[in-house]
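In case you want the letters, here they are:
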Amino acid sequence: MSKSPVRAQAEGAGRVSGEENSAVGEQVSPKSIKGAKTDKSMKASKAGKAAKAVKAAGAAEAVEAGKAVKTARTGEGGEAAKQAQRAGKPESRLAMVRRARKINRELAEVYPYAHPELDFRNPFELLVATVLSAQTTDLRVNQTTPALFAKYPTPEDMAAAVPEELEQIIRPTGFFRAKAKSLLGLSAALRDDFGGRVPGRLEDLVRLPGVGRKTANVVLGNAFGVPGITVDTHFGRLVRRWKWTEQEDPEKVEAEICAIFPKSEWTMLSHRVVFHGRRICHSRKPACGACPIAPLCPAYGEGETDPEKARKLLKYEMGGYPGQRLAPPPDYPGRPAAPLGTGDE
Ligand code: SF4
């Protein structure tokens with residue numbers, strides 16, 4: 001398995017904080033440390049890996065062609081090499097923060113079009129879509145909401161829905177009885193307590209039925225422009241792989257990541273990380289060999305490192321497939337998703 005030069009150092013940090021037994025740590029071999037001894041060899045190795053990753057990225061060529069190569073050949077690849085020289089020393093908090101911010105900048109170039117992957121036209125639609133997205137894909141929600149919002153366009157309409165009819169419409173999203181109950185409750189609360197409008201404050205949103213902190217942050221960040229970190233399964237997995245945090249609890253993850261980045265970055269950072277998790281850094285088989293941020297990743301090598309094989313793991317626009325939104329933003333480089341029942345989903 002190939003190893004990242006930042007891995008040993010990040011693992012050093014883990015050892016200092018009592019993380020000797022992390023799964024990542026157990027995968028380091030003496031060979032990886034030995035291989036990271038010189039600036040020269042690391043620069044060459046990183047440039048080669050990044051170039052291969054970019055070559056393999058196919059549709060993603062895109063984005064990151066120049067970028068990953070540039071990163072590896074110039075400043076950041078060099079810095080990674082210097083970090084490797086110091087392998088064995090724990091990564092300082094300052095070094096981790098700098099590396100995290102670099103990853104964010106890289107992801108901003110890879111996914112300049114990152115966005116919420118739920119279709120919505122107003123705060124109410126985003127709130128409802130986010131509630132429906134629990135335990136299912138954004139794609140399935142997007143295929144379900146056109147009929148839902150055609151029938152119940154406002155909180156007043158939805159609050160007055162016949163429960164069984166509402167359940168049948170949202171049935172494809174799963175857990176439809178519980179979700180229908182939440183939608184009826186939150187619509188009635190919006191009608192009765194907020195004049196039929198979605199409130200723009202966290203403390204009001206989390207009091208609505210079926211609305212937790214994650215849903216509230218999605219709505220605040222994307223419908224009200226209030227900066228927020230959204231910790232979903234992808235976000236949590238990636239920030240732990242990158243050693244930005246060791247926390248498992250979403251609220252603790254949120255607090256630690258908020259402390260690394262300026263507020264102005266929080267919402268877009270969330271989208272970029274989730275985009276990366278859905279397209280390249282998958283849960284079971286990350287496509288490390290096609291990953292433009294490989295030089296900055298302590299977990300490089302946890303997934304497929306062969307560029308050709310890794311390229312085949314890429315999803316959505318990176319792999320040449322449709323996205324999750326039926327109505328994606330104009331700058332989205334991929335194809336829209338197909339409506340439910342067309343046989344093309
Ligand atoms: S795919 Fe994930 S684990 Fe692999 S190098 Fe990229 S960010 Fe790291």
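No experiment lies behind these values; they were computed from the predicted model shown.

Asks: Any details on the nonpolar core? Residues and values, ideally.
Replies: Grouped together as the largest cluster of nonpolar side chains are 38 residues, with contacts concentrated most on V239, A287 and C291. At the level of elements, α6 (93-110), α14 (233-241), α15 (250-258) and α16 (266-279) are the ones that each hand at least two residues to this core. With five residues, the top contributor of residues to this core is α6. Non-local contacts of A287, meaning those with residues more than four positions away in its chain, are made with I280, H282, G303, E304, A310, L313 and L314. One finds L126, V198, L208 and A216 within the second-largest nonpolar core, a separate group that totals 30 residues.

Asks: Just give me the short version of unusual backbone geometry, but keep the residues and values in it.
Replies: Backbone geometry places K243, a non-glycine residue, at a positive phi of 65 degrees. Of note in the backbone geometry, Y316 takes a positive phi value of approximately 50 degrees without being a glycine. For Y316, the location among the structural elements is in the segment after α17 (307-311).

Asks: Got a sec to walk through the UniProt feature "binding site: [4Fe-4S] cluster" (unreviewed entry) in the protein? Specific residues and values, please.
Replies: Under the UniProt annotation, "binding site: [4Fe-4S] cluster" (unreviewed entry) lies at C281, C288, C291 and C297. The largest pairwise C-alpha distance within this set of annotated residues, which runs over 17 residues, is 10.8 Å, so the set is compact in three dimensions. Turning to its location among the elements, C288 is positioned in the loop between α16 and α17. The class for C288 is buried, based on 27 C-beta atoms found within 10 Å. Once you skip the residues sitting within four places of it in the chain, C288 turns out to touch A294, Y300, G301, E302, G303, E304, T305 and A310. Structurally, C291 can be placed in the loop between α16 and α17. A count of 33 C-beta atoms within 10 Å places C291 in the buried class.

Asks: Tell me about the packing of helix α7 (residues 123-132) against helix α8 (residues 138-151), and name the residues and values.
Replies: At their nearest, the axes of α7 and α8 sit 10 Å apart, and the two run at 135 degrees to each other. In terms of orientation, α7 lies oblique with respect to α8. Crossing angle aside, the handedness with which α7 passes α8 is right-handed. Of the residues in α8, those touching α7 at E125, A129 and L132 are V141, T144, T145 and F149. Tallied by class, the residues present in the contact of α7 with α8 amount to four nonpolar, two polar and one charged.

Asks: Run through the site of the ligand, naming residues and quoting values.
Replies: Close to the ligand lie 14 residues, the nearest being C281, P286, C288, C291 and C297. Per-class residue counts for the shell around the ligand are 11 nonpolar, one polar and two charged.

Quick notes on the rules
- Residues numbered from 1 in each chain as written.
- Predicted model: local features only at pLDDT ≥ 70, side-chain atom pairs only at ≥ 80, totals over all residues.
- Core = buried A, V, L, I, M, F, W, Y, C linked by C-beta atoms within 7 Å.
- Buried ≥ 20, exposed ≤ 12 C-beta atoms within 10 Å, placed from the backbone.
- Helix = DSSP H or I, 4+ residues; strand = E, 2+ residues; numbered from the N terminus.
- Contact = placed C-beta atoms within 7 Å.
- UniProt positions renumbered as here; feature names shortened; annotations may be inferred.
- Axes fitted to C-alpha atoms, helices over the stretch in contact; angles between N-to-C directions.
- Parallel < 35°, antiparallel > 145°, perpendicular 65-115°, else oblique.
- Left-handed = near helix turned anticlockwise from the far one by under 90°.
- Nonpolar A, V, L, I, M, F, W, Y, C, P; charged D, E, K, R; others polar.
- Near = placed C-beta within 6 Å.

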